[in-house]
Amino acid sequence: KGTFMFTVILLIGSGWSLVKPFLNDREKKIIWMVLVLQVIDNIAVVILTQEKEGEKLYDDWSAVLHFVDILCCCAVLIPIVWQVNSLEK
């Protein structure tokens, strides 16, 4: 469910709609990169939940995975900014 929602948000945010049913190569690369990172991150979170919470490695990996989530959210903004700039021109 989470990956599907994230995919829909990515597509809507990058301007994919009935008006523009295609993406340029640069946007496609970013969306695929973000989707792959998000899938890997979600798999890693599932594996991490099997670890004991008190261990130092748990805290370190938890921080890294939260950083990857934030990085993915910021990467979604890049195609949005490109679309706004292209519409202003």
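Please read these numbers as outputs of a predicted model, since none were measured by experiment.

A. View of the overall build of the chain. Helices and strands together make up the secondary structure of the chain, namely three helices and zero strands. If you list the helices and strands of the chain from N to C, you get α-α-α. For the chain, with 89 residues in total, the buried portion stands at 26%. Summed over its atoms, the accessible surface of the chain is roughly 6,700 Å², and 72% of this surface lies on carbon and sulfur atoms.

B. Representation of helix 3 (residues 56–88) within the structure. The terminal C-alpha atoms of helix 3 lie 49 Å apart, and with 33 residues this matches the ideal 48 Å at 1.5 Å per residue to within 8%. Every buried residue belonging to helix 3 is among Tyr58, Ser62, Leu65, Val68, Cys72, Ala75, Val76, Pro79 and Gln83, and all of these are buried.

C. Molecular detail of the environment of Val45. Along the polypeptide, Val45 turns up in helix 2 (residues 25–48). Here Val45 falls in the partly exposed class, since its relative accessible area comes to 33%. Sequence separation of Val45 and Leu65 is 20 residues, and the distance between their C-alpha atoms is 7.2 Å.

About the cut-offs
Residues numbered from 1 in each chain as written. Predicted model: local features only at pLDDT ≥ 70, side-chain atom pairs only at ≥ 80, totals over all residues. Heavy atoms only, no water. Helix = DSSP H or I, 4+ residues; strand = E, 2+ residues; numbered from the N terminus. Buried < 20%, exposed > 50% of the residue type's maximum accessible area, 1.4 Å probe, protein only. Areas by Shrake-Rupley, 256 points an atom, 1.4 Å probe, with all protein chains shown as cover. Expected span 1.5 Å × (residues − 1).

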